[in-house]
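# What the coordinates show
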Amino acid sequence: MSASTYEEIVDFIAGGTTPQSVIAFRPSSAVQQRVEDLVARSKDDSISSDELSELDDYLQLEHILLMVKARAHQYSHVAG
């Protein structure tokens, strides 16, 4: 995974968040395109082992973000 992907998330968190901004967070279009490319390449077996590792990193990060967004939904309902 590129350092810029991590930096997007670090910058988002460091800038201060609210439950609503966490729920609305989306990766940049460049990151989304990279993941789509890796997924497509993994389906047709044209992916390198380094790229497969990169895809695994993205999928783990996506799982964490889904959990964070679910918790943000809980917080937004408690606060509201």
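Read on for a plain summary of the structure. This is a predicted model, so every value here is computed, not measured. (Residues numbered from 1 in each chain as written. Predicted model: local features only at pLDDT ≥ 70, side-chain atom pairs only at ≥ 80, totals over all residues. Heavy atoms only, no water.)

### Some remarks on the layout of surface pockets
Quantified by volume, the largest pocket comes out at close to 380 Å³. If you go around the largest pocket, you meet 17 residues; those closest to its centre are P27, Q32, Y58, E62 and L65. At the level of elements, α1 (3-14), α3 (29-43) and α4 (49-79) are the ones that each hand at least two residues to the lining of the largest pocket. Among the elements that make up the lining of the largest pocket, the one with the highest residue count is α4 (7 residues). Computed from the structure, the second largest pocket encloses a volume of approximately 150 Å³. Along the walls of the second largest pocket sit I9, F12, I13, T17, V22, F25, I64, L65, V68 and K69, which together make up its complete lining. Of all elements in the fold, only α1 and α4 reach the threshold of two or more residues within the lining of the second largest pocket. With 4 residues, the top contributor of residues to the lining of the second largest pocket is α4. (1 Å grid on protein atoms, 1.4 Å probe; cavity = no way out; pocket = protein on both sides within 12 Å on 5 of 7 lines; lining within 4 Å. Points joined across faces, edges and corners; volume = space filled by probe spheres on them. Helix = DSSP H or I, 4+ residues; strand = E, 2+ residues; numbered from the N terminus.)

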